[in-house]
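Architecture and fold: a report
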Amino acid sequence: MDIGHALKSAQLPSLEIEVLLSTIIEKDRAWILAHPEHELSQTSEQFFSQALKRREAGEPIAYIIGEKEFYGRSFIVNHSVLIPRPATEGLIECALKFFKTETDNISDIDTDIVCASKKLGDLANISTIVDVGSGSGCIGITLALELPNIKVIAMDISSEALEVTKANAEKYSVQDRIECQLGDGSKLITNVKEPFLLVSNPPYIPEGDDVSPDVYFEPDTALYAGDIGMDVLTPLVVAAQNNPLCRAIILECRKDQVDMLN
Ligand code: GLN
């Protein structure tokens, strides 16, 4: 099969087919579009037909190609981690703004989803960010890249997820500034030795909530947190507020969950 034929061979948006082909053939989309006569090797053709089947079954394209763009950079993803969301780029913006202004803020980053930042103590000379539930590492690594003097402690309860954080830290050559810790963030933050700022996009969806079908392919532990979605947030915020070294919290959560910060 040639590229021209492959592009017409599935009931998917052409952009998606181009992205799949581009990953399989390891050429950019412009090249794909300019070479309709290029013959796919047998292996490429096999990969392509498997990828189409997965996509047609509803699997998010990010898992099929193994990456997702976040804040202008491509992050490695697999089924152990949440696919980075555009809304979470809003959390990055909030965190960067908080570094400059040091003021509490609640901003909408998606429908019914907010980023909340709250100062808890003295912010002078803070050089550590703790990213609880690092998953792909998109938050901690992006902040490390945007703030070159910052060190990040990335925590995740899943060792598989932490492997993805590590892989992305290496991809962006910040492994010497990203320390990975395996475990429950609300417990681990009590061991942090220096003043820090807590940034997190924790699981906050109430169990049984209606979600889009894409989400079925993502790890439940990264998404759901009990009846009202507070099983991770509450202990985390309590631990942060009781820890004199935690000088600020910057969280992504639902609008109706933000009162817990008070
Ligand atoms: N920090 C990761 C993200 O924002 C994972 C979040 C999670 O697993 N809840 O994508």
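Everything below is about the structure shown above.
A brief look at the structure comes next. Quick caveat: nothing in here was measured; it's all calculated off a predicted structure.

1. Examining the packing of aromatic side chains
The final tally for this structure, using the stated rule, is two aromatic pairs. Consider the rings of Phe70 and Phe75, whose centres lie 6.1 Å apart with planes at 80°: the pair is edge-to-face. For the pair Phe70 and Phe75, one class covers both residues: buried. Between Phe75 and Tyr172, the aromatic rings sit 5.6 Å apart at their centres with planes inclined by 45°, giving tilted as the arrangement. With a gap of 97 residues between them, Phe75 in strand β2 (residues 73-76) and Tyr172 in the loop between α8 (159-171) and β7 (178-182) connect regions that are remote in the sequence. Given the relative accessible area of 0%, Phe75 is considered buried.

2. Some remarks on the nonpolar core
Core analysis: the largest hydrophobic core is formed by 61 residues, its most contacted members being Val130, Leu143, Ile189, Leu197, Leu198 and Ile250. Of all elements in the fold, only α6 (86-101), β4 (113-119), β5 (128-132), α7 (138-146), β6 (151-156), β8 (196-200), α11 (233-241) and β9 (246-254) reach the threshold of two or more residues within this core. Counting residues per element, this core draws most heavily on α6, at seven residues. With residues near it in sequence (within four places) discarded, Ile189 still touches Val130, Val132, Met155, Phe196, Leu198, Leu236, Ala239, Ala240 and Asn243. With 15 residues, the next largest nonpolar core counts Ile3, Leu21, Phe48 and Ile65 among its residues.

3. Let's talk about helix α4 (residues 42-56)
The terminal C-alpha atoms of α4 lie 21 Å apart, and with 15 residues this matches the ideal 21 Å at 1.5 Å per residue to within 8%. Buried within α4 we find Ser44, Phe48, Ala51, Leu52 and Arg55. Looking straight down α4, one finds its buried side chains confined to an arc of 100°; they lie on one side. Across α4 from its buried face, at more than 90 degrees, point the exposed residues Gln42 and Lys53. Buried residues along α4 sit in contact with α1 (3-7), α2 (14-25) and α5 (61-65). Following α4 by one or two positions, Gly58 adopts a phi angle in the positive range, close to 100°.

Basis of the calculations
- Residues numbered from 1 in each chain as written.
- Predicted model: local features only at pLDDT ≥ 70, side-chain atom pairs only at ≥ 80, totals over all residues.
- Heavy atoms only, no water.
- Phe/Tyr/Trp six-rings, centres within 6.5 Å; stacked < 30°, edge-to-face > 60°.
- Buried < 20%, exposed > 50% of the residue type's maximum accessible area, 1.4 Å probe, protein only.
- Helix = DSSP H or I, 4+ residues; strand = E, 2+ residues; numbered from the N terminus.
- Core = buried A, V, L, I, M, F, W, Y, C linked by side-chain atoms within 4.5 Å.
- Contact = heavy atoms within 4.5 Å.
- Expected span 1.5 Å × (residues − 1).
- Arc of directions from axis to C-beta.

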